[in-house]
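# Fold and contact review
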Amino acid sequence: MNWIVVANNGRILWAGNEPTAHINSAKARLLPIPVQDLRFVHREGATGAENELILGEALYSDIPLRYTDAEIAAAWAAWTDRETDRVISDAVHPFAPVGEQIGILRDQLVQLLNALGMEATPDFARLNEVAVKAIEAARAKKEAL
């Protein structure tokens with residue numbers, strides 16, 4: 001997914017692979033565009049190449065493939081989900097968020113299994129054993145620091 005900032009007159013002002021938050025919504029809008037073989041350049045870098053669009057001069061209508069309104073809404077929903085995941089991950093652990101989240105879930109599952117008197121599946125037991133050994137080794141390493 002790529003993103004562009006389109007002025008109210010239809011001119012493309014900015015292009016990139018991450019949406020930017022610095023947009024005056026009264027003057028321009030941020031739109032997703034399909035990843036495609038287009039190059040966006042400033043006037044001084046223009047070479048006249050076939051797939052080259054000059055920022056500030058090219059029009060949104062110059063882009064051959066555009067998303068429908070439904071596809072744009074879906075892209076924004078996906079971006080919102082990605083940002084939500086980033087907020088959760090940063091709050092749980094800024095350097096190892098997925099591992100920390102899995103550790104929290106793994107611990108809760110062990111407690112549930114014990115409370116219910118259930119045996120873990122062989123795969124879960126193996127995962128837990130590997131994780132416990134790695135955590136104990138890391139704890140020892142941290143204490144040595």
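Please refer to the structure placed before this passage.
The paragraphs below set out a description of the structure included in this document.

Calculation rules
- Residues numbered from 1 in each chain as written.
- Predicted model: local features only at pLDDT ≥ 70, side-chain atom pairs only at ≥ 80, totals over all residues.
- Heavy atoms only, no water.
- Helix = DSSP H or I, 4+ residues; strand = E, 2+ residues; numbered from the N terminus.
- Expected span 1.5 Å × (residues − 1).
- Buried < 20%, exposed > 50% of the residue type's maximum accessible area, 1.4 Å probe, protein only.
- Contact = heavy atoms within 4.5 Å.
- Pairing = 2+ DSSP bridges.
- Axes fitted to C-alpha atoms, helices over the stretch in contact; angles between N-to-C directions.
- Parallel < 35°, antiparallel > 145°, perpendicular 65-115°, else oblique.
- Nonpolar A, V, L, I, M, F, W, Y, C, P; charged D, E, K, R; others polar.

Summarising the element assignment, I63 is placed in the loop between β5 (52-54) and α1 (69-92). For the pair I63 and P34, spaced 29 residues apart in sequence, the C-alpha to C-alpha distance is 9.7 Å.

Before going further, it helps to examine helix α2 (residues 97-116). Between its first and last C-alpha atoms α2 spans 29 Å; for 20 residues at 1.5 Å apiece the expected length is 28 Å, and the two agree. Of the residues making up α2, those classed as buried are P97, G103, R106 and L113. Tucked inside the fold, the buried residues of α2 contact α1 and α3 (122-144). The first or second residue beyond α2 is G117, which carries a positive phi of 70 degrees.

Before going further, it helps to spend a moment on the pairing of strand β3 (residues 28-33). The side chains of a regular strand alternate, first on one face of the sheet and then on the other. Burial runs high along β3: 5 of the 6 residues are buried. With 6 bridges connecting them, strand β1 (residues 2-7) and β3 associate as antiparallel partners. Note on β3: the bridge partner recorded for W3 is P32.

Take the packing of α1 against α2 next. Contact geometry for α1 and α2: axes closest at 9 Å, N-to-C directions at 75 degrees. The orientation of α1 with respect to α2, classified from their angle, is roughly perpendicular. Residues I88, S89 and V92 of α1 form the contact with α2, whose participating residues are P97, E100, Q101 and I104. When grouped by side-chain class, the residues that make up the contact of α1 with α2 number 4 nonpolar, 2 polar and 1 charged.

Fair warning: the whole summary comes from geometry, so function is off the table for now.
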